[in-house]
Amino acid sequence: MEIKSENTCFGGVQGVYSHESSSCGIEMTFGLYLPEEAKFSRVPVLWYLSGLTCNHENAMTKAGAQAWAGEQGVALVFPDTSPRGEKVADDEAFDLGQGAGFYVNATEEPWAPHFRMWDYISDELPQLIGKEFSIDLERQSITGHSMGGHGALTIAMARPDQYRSVSAFSPICNPIESDWGQKQLTSYLGERNSNWETHDASVQMLEKGFDGPVLVDTGTKDQFLDLLKPETLAFSMGKRRQPGHIRFQQGYDHSYFFVSSFMEDHINFHADALYAE
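Residues numbered from 1 in each chain as written. Predicted model: local features only at pLDDT ≥ 70, side-chain atom pairs only at ≥ 80, totals over all residues. Heavy atoms only, no water.

*Asks:* Can you explain the layout of surface pockets? Please cite residues and give values.
*Replies:* Considering only enclosed or pocket space, the largest pocket measures out at about 170 Å³ in volume. Around the largest pocket, the lining residues are Gly51, Leu52, Thr53, Cys54, Phe94, His145, Ser146, Trp180, Phe224, His254, Ser255 and Tyr256. Tallied by class, the residues present in the lining of the largest pocket amount to six nonpolar, six polar and no charged. (1 Å grid on protein atoms, 1.4 Å probe; cavity = no way out; pocket = protein on both sides within 12 Å on 5 of 7 lines; lining within 4 Å. Points joined across faces, edges and corners; volume = space filled by probe spheres on them. Nonpolar A, V, L, I, M, F, W, Y, C, P; charged D, E, K, R; others polar.)

This is how it looks when you write it as structure tokens:
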């Protein structure tokens, strides 16, 4: 593992690191914020999965999350959204290929050799940070924005024993019925099949739900509402009688101005679960 940078931040350290990933078969870069408490003991960790076109830097520099994480004594991980590099397949469109991994394990060419973000996020990277840093892997929670909200919800529901709580900002809620989903799932996983449903938060919420706290925020002026389909997730939560909160925030859009406005809520929400006995 290589240290790219480390900066003091709200009493802790905001670092950027790279390593050779066995899941993705390429060098991957991630951001990690460690609060001051990590100097003395292992701390719980909150995963933040970013959206389309983003990398590890976007939320790290725009979300204002470190202030609240430092206050609560919670580590933050900011992974990349896909593998990158000359050897990695890509597409001219912004919503496929590099920067658009959709947090799946691709089975189709040319994506299969490197696009294994599901394994990378849920298995490989946790083991790495648990080994290299003062992180308590028994206390993990997960959140994300847009494509990352889709990833956070689907990964959490597939692995309820790994995460104590899940939240999302403007998640893609029903990708199997959305233009933000059908194209990508076809490219990465092949023509519509049972694997698609594993990566649809509305389907998984109806079938499995999540045995822990759930919080979802979406802005009423989000310019991508028709693609996000938050009403499908609301329907699934209601039909399943899933405990949790799905909120529509008046006047907010899809940007990081929205994310940063409610980041304190989400950090505090997860801290309650992470520090619960």
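*Asks:* Residues and numbers for the side chain of Ser18, please.
*Replies:* Locating Ser18 in the fold gives a position in strand β2 (residues 12–21). For Ser18, the residues in contact, after removing those within four places along its chain, are Met1, Glu2, Lys4, Glu27, Met28 and Thr29. (Helix = DSSP H or I, 4+ residues; strand = E, 2+ residues; numbered from the N terminus. Contact = heavy atoms within 4.5 Å.)

*Asks:* Requested: an account of the packing of aromatic side chains, with residues and values cited.
*Replies:* We describe a pair of aromatic rings using the distance from one ring centre to the other and the angle between the two ring planes. In this structure the tally under the stated criterion is eleven aromatic pairs. Both rings, one in Trp111 and one in Tyr188, keep their centres 5.5 Å apart while their planes meet at 90°; by these two values the pair is edge-to-face. In this pair, Trp111 sits in the loop between β5 (75–79) and α3 (117–132) while Tyr188 sits in helix α5 (residues 182–189), placing the two residues 77 residues apart along the sequence. Residue class for Tyr188 comes out buried when judged on its relative accessible area of 0%. Ring centres of Phe258 and Phe262 lie 5.7 Å apart, and the angle between their planes is 55°; on these two criteria the pair is classed as tilted. Within this pair, Phe258 and its partner Phe262 are both found in helix α10 (residues 256–274), separated by four residues, close to a single helical turn. (Phe/Tyr/Trp six-rings, centres within 6.5 Å; stacked < 30°, edge-to-face > 60°. Buried < 20%, exposed > 50% of the residue type's maximum accessible area, 1.4 Å probe, protein only.)

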